[in-house]
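So the chains spell out like this:
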Amino acid sequence: MQDITEEEQLHRRMVDRIVEGRAEYGVPVSPEVERALRRVKRHVFVPGAPSQEAYADDAVITKRDANGMATSSVSQPTIIAMMLDQLQVRPGDRILEIGSGGYNAALMRELTGPDGLVVTMDIDREVTDRASATLAAAGYDDVQVVCADGEFGCAEYAPYDRIIVTVGAADIPPAWVEQLTAYGRLVVPLRLRGLTRSLALDRVGDHLVSSAYEVCGFVPMQGAGSSQQRQVVLHGEPGREVALRVDNPALQFDAALGEALAAPRAEVWTGVTVGSMEPFDDLDLWLAYTLAEFSLLTATKAAVDAGLVDPTWRLGTPAITSGGTFAYRTLRKIGDNVHEFGVFGHGPDADAVAGRLAEQIRVWNREHRGGRGPTFTIYPAGTPDDRLDGGLVIDRDHIRVSVSWPR
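Residues numbered from 1 in each chain as written. Predicted model: local features only at pLDDT ≥ 70, side-chain atom pairs only at ≥ 80, totals over all residues. Heavy atoms only, no water.

Draft legend 1. Region of the structure containing helix α5 (residues 103-112). Taken across its ten residues, α5 has nine buried, putting it largely inside the fold. Along α5, the residues classified as buried are Y103, N104, A105, A106, L107, M108, R109, L111 and T112. Following α5 by one or two positions, G113 adopts a phi angle in the positive range, close to 80°. (Buried < 20%, exposed > 50% of the residue type's maximum accessible area, 1.4 Å probe, protein only. Helix = DSSP H or I, 4+ residues; strand = E, 2+ residues; numbered from the N terminus.)

Draft legend 2. Spotlight on the environment of Y140. Assignment of secondary structure puts Y140 in the loop between α6 (125-137) and β5 (144-147). Residues Y140 and M82 lie 58 residues apart in sequence; the distance between their C-alpha atoms is 22 Å. For Y140, the contacting residues outside a window of four places in its chain are V40, A106, R109, E110 and L135. Side chain to side chain, Y140 and E110 meet in a polar contact 2.6 Å long. (Contact = heavy atoms within 4.5 Å. Polar contact = N/O pair within 3.5 Å; in protein donor to acceptor, adjacent residues only side chain to side chain.)

Draft legend 3. Here's a closer look at the packing of helix α1 (residues 6-25) against helix α2 (residues 31-39). For the pair α1 and α2, interaxial distance at closest approach is 9 Å and the crossing angle is 160°. As summarised for this structure, α1 and α2 are arranged roughly antiparallel, according to the angle between their axes. You can see that α1 and α2 cross each other, and the crossing is right-handed. Here H11, R12, V15, D16, I18 and V19 of α1 come into contact with α2, specifically with E34, L37 and R38. In the contact of α1 with α2, the residues fall into four nonpolar, one polar and four charged. (Axes fitted to C-alpha atoms, helices over the stretch in contact; angles between N-to-C directions. Parallel < 35°, antiparallel > 145°, perpendicular 65-115°, else oblique. Left-handed = near helix turned anticlockwise from the far one by under 90°. Nonpolar A, V, L, I, M, F, W, Y, C, P; charged D, E, K, R; others polar.)

Draft legend 4. Seen up close, the nonpolar core. Of all hydrophobic cores here, the largest spans 59 residues; its most connected members are I172, W176 and L186. Looking at this core, the element that brings in the most residues is helix α10 (residues 350-367), giving seven residues. Apart from residues no more than four positions distant in its own chain, I172 is found in contact with V177, L186, V188, L190, L201, L208, I378, H398 and I399. By size, the runner-up hydrophobic cluster in this structure holds 39 residues, among which are V40, I80, Y140 and C216. (Core = buried A, V, L, I, M, F, W, Y, C linked by side-chain atoms within 4.5 Å.)

Draft legend 5. Examining unusual backbone geometry more closely. Going from A158 to P159, the amide bond is cis rather than trans, its omega being 5°. Within the secondary structure, P159 sits in the loop between β5 and β6 (160-165). In the Ramachandran plot, N337 falls in the positive-phi region, its phi being about 60° despite a non-glycine side chain. Counting through the fold element by element, N337 comes out in the loop between β15 (325-335) and β16 (338-346). For N337, a relative accessible area of 53% corresponds to the exposed category.

Geometric descriptors of this kind do not, in isolation, establish any biological role.
Right, here's the structure in full:
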């Protein structure tokens, strides 16, 4: 009987966990993607990493900038499997990957087969050199590795049946649509109003329509497509910082907002409850797209422990502002495994602002909870309003995003 190496055991367990976890979540991994995950050895693409790290269900950071921020990584295997299922690769497909690590390109090479093409590109020469070396070591040296700015796609090998973006994007540049075939699909982690969702977008003429979306997180795009969010400080004490992360360039903030946290706290409880393990990411989406003044409240652990704020998630909880007042969502336990949504407000109009946020939580619960969620339709910038589908519109430099919520 042939002995199984530690790496092989870890590899099998990693894939087993991904398959079991996605099945429990209600979105099973397709047989094709599972087969690719079992064939491609992840440790080859993270040379130097311990085997336990290489086969953990977590991203492996492969490069950081001077400030210690991650600029390149081999993505979390569960996220990779999810996005590959969104991509729906067929044998013979021509695929472009924007944001290279090597591992995902190898998986797609397995999916598209000998008659297909995989092109992987990155703006960083160090990243593409590493991708080329690891792909060759793993036996996938027929993947085309290109060093260039992904904002402009890769016209040399276009058109593509599938384009997948594996860096966080705040816009969809024209090249990505132009380089898709007439019925192609684009999968992209698109950030709008601070929330990133992996969208599976099908081309319909000059626009794109989502067929599915998933929660995800990625290192941000570099180059021409780079887009930074603003930080508005509410409490600047070192170690106990509280701030708003803002992804809407049109939002303006009153200078008095910095004093709001010192004001007494207003509380509004909604009567809307949620189970301890029940996801509610579609509530975040609803608040982001219905409240133009939406932002995300962030706080250090020390600030939460000190009672300065009590958000549902300290790394990004829905919040709104008005003048010198802000309000944010919170939770309180009201029974075994049951919590109630509430809103805390600070500032001169705390009751009114908190009430407005609370009412939208109730609207979501009444009209959209448990539904299939929103449809995202991506139109070119400059598309007249009368050609849109009537959803809530968010404008970026290259696109107009219409978000429609069925009841």
